[in-house]
Amino acid sequence: MPSLGSGVVATRKRKGSLSGRENKHNAYESDRDQSANDLLEAMGYASELVRSRSTLQVAFMSFVLASIPYGLATTLYYPLAGGGPANVIWGWVAVSLIILCVAISLGEITSAYPTAGGVYYQTFMIAPPSYRLIASWICGWSYVVGNITITLSVNFGTTLFVVACINVFESEPGVGIFPAETYQIFLIFVAITILANLVSSLGNKWLPWLDTFAIFWTFAGVIAIVACVLALARNGRHSGSYVFTHFEPSSGWPAGWSFCVGLLQAAYATSSTGMIISMCEEVQNPSVQVPRAMVGTIVLNFFCGLLFLIPLLFVLPDLQELVALVSAQPTPTIIVSAVGNSGGAFVLLIPLMVLALFCGIGCTTAASRSTWAFSRDGAIPGSQWWKQVNTKLDVPLNAMMLSMVVQIILGAIYFGSPAAFNAFSGVGVICLTISYAVPIAISLIHGRAHIKLGKFDMGIVGLVSNIVSICWSLLAVPLFCMPSAIPVAAATMNYASAVLVAFFLIATVWYFVWGRKHYCGPPVQEDTAIEHRLSVVSQTHQL
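Keep in mind it's a predicted model, so treat the numbers as computed, not measured.

Give a description of the layout of surface pockets that names residues and reports values.
Any empty space left between atoms is shown by rolling a water-sized probe over those atoms. Of the pockets and cavities examined, the largest pocket occupies roughly 1,300 Å³. Along the wall of the largest pocket there are 40 residues; nearest its centre are Leu 325, Val 326, Ser 327, Ala 328 and Gln 329. Going through the elements one at a time, helix H4 (77-82), helix H7 (132-166), strand S2 (175-176), helix H8 (182-202), helix H15 (330-339) and helix H19 (420-445) are the ones with two or more residues in the lining of the largest pocket. Here the second largest pocket defines a volume of roughly 270 Å³. In terms of lining residues, the second largest pocket is bounded by 14 residues, among which Trp 141, Leu 402, Val 406, Phe 503 and Ile 506 are the most central.

Given below as structure tokens:
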């Protein structure tokens, strides 16, 4: 039997051992941060943000940016009108596989050039001198506009979804208790937008923990919804054949095109794939962590989406009634129909409403980083203000406020068109798709040589993924400018193309007024400096 003294000695040894391991771990983290900062410096930038996110935290934020149950819930109208259950299920499967290819393609490039500038910086570095400036300008504006409008669509979609959730309580059959005038919708949207910005700016150091909590909250909420709607199913359950094969277009478009228009749901829910790149300068090992997070999150999202969608389709009410809903938010109606009780349905909808807020906060954070990164290279009017970092909060506060103001101004479109959400989500998907496609296409055209600089070379899989990604982009851009149903009236028109043209008109005018003479892209642009930078990047990745 050991003596008390030997126990004390053993305890001290264990404490010493633990302390030694902690010191080694801290030293390792410090070395990794320094390596990432050295790589960033090699790419022409000084490190201004704190690298506080681990691999799991990056993956969790990527998951929250998509917030699959929320994204699928708020846009469920589109595939239901496009073709019903078959459009919902097989559209989700098809788009998930395509977006996995996009994630692989972006992951390869990001591993070589991990900066908050993301696809904009990557485009400049891999494009030949003859067109690198204009290519990076187009890509950068597409990326920033896409981040801002997707964030806008998330917050606006949250507004419409919350109103629809409240209206599961009815004053009389078919009439919700909250009629929600246009100005009320707008004010709720403004409140949600301001809340997201307050949390993102004032609570920046706690956001990784919020993302972690959101993961568990999401799966707990989805499991509760799935269990309750399937167990109760007050109006019965459909057959498996109905859920997986029933195709009933209600959009007015020809059947094939109707199915394609219904893909907006899946495309919208997965459009945030590349937004996580904006967080590269707050990640400890971005060359590895960010690509893994992008690809891994798509796989996780795919199964989470199926888990959420399939049970809802088994208890789907009359399809034509859902398509005819004025709110264009069928998910609350589906759940209250299955549960048979407004109070119970509202409780089940709470996880989705909270997840919507988490998603808005995550998108606000990503949008502010992309705006800041593009501003520090002088590409946005007033860049001298937007490129500033608030050192007390450790966030680009000015860029965040710019993004918020633009969102609120655009939100006013709702006063003229109840279909504004369609425009916001469409523009967001289109712009992000363009921004992802530009570096992927340039990389493919020039033989993918730069991929060897990173740590995420997928070989032939990457090559095939590049081709699939570009083909998807060629389809998605015109597709999501289309109205979701025809015939079209002024109030139901998809104004995505108008908003898109307005943004690019601003970008074009600014280029000819200022950019053509002054815009030089990322810092240190001499050819010899770029070659040196490529050499340093390669050496850093080999460490």
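An account of the side chain of Ser 425 is needed here, citing residue identities and associated values.
Within the secondary structure, Ser 425 is located in helix H19. With relative accessibility at 0%, the residue Ser 425 sits in the buried group. For Ser 425, the residues in contact, after removing those within four places along its chain, are Ile 150, Ser 153, Leu 264 and Tyr 268.

Describe the packing of helix H6 (residues 119-126) against H19, with residues and values.
Axis separation between H6 and H19 bottoms out at 9 Å; the angle between their running directions is 20°. Between H6 and H19, the angle is such that the two are roughly parallel. In this structure, H6 crosses over H19, and the sense of that crossing is left-handed. In contact with Val 119, Thr 123 and Ile 126 of H6, H19 contributes Ser 435, Tyr 436, Val 438, Pro 439, Ile 442 and Ser 443. Residue classes in the contact of H6 with H19 are distributed as six nonpolar, three polar and no charged.

Could you give an account of the nonpolar core, with specific residues and numbers?
Within the largest apolar cluster, 144 residues are counted, with the highest numbers of intra-cluster contacts made by Phe 308, Trp 472 and Phe 480. The element best represented in this core is H7, accounting for 16 residues. Once residues lying within four places of it in the same chain are set aside, the contact partners of Trp 472 are Val 95, Ile 98, Ile 99, Leu 263, Ala 267 and Phe 480. In terms of nonpolar packing, the next biggest core, distinct from the first, is built from five residues, Trp 372, Ala 373, Val 389 and Ala 399 among them.

Definitions and limits used
- Residues numbered from 1 in each chain as written.
- Predicted model: local features only at pLDDT ≥ 70, side-chain atom pairs only at ≥ 80, totals over all residues.
- Heavy atoms only, no water.
- 1 Å grid on protein atoms, 1.4 Å probe; cavity = no way out; pocket = protein on both sides within 12 Å on 5 of 7 lines; lining within 4 Å.
- Points joined across faces, edges and corners; volume = space filled by probe spheres on them.
- Helix = DSSP H or I, 4+ residues; strand = E, 2+ residues; numbered from the N terminus.
- Buried < 20%, exposed > 50% of the residue type's maximum accessible area, 1.4 Å probe, protein only.
- Contact = heavy atoms within 4.5 Å.
- Axes fitted to C-alpha atoms, helices over the stretch in contact; angles between N-to-C directions.
- Parallel < 35°, antiparallel > 145°, perpendicular 65-115°, else oblique.
- Left-handed = near helix turned anticlockwise from the far one by under 90°.
- Nonpolar A, V, L, I, M, F, W, Y, C, P; charged D, E, K, R; others polar.
- Core = buried A, V, L, I, M, F, W, Y, C linked by side-chain atoms within 4.5 Å.

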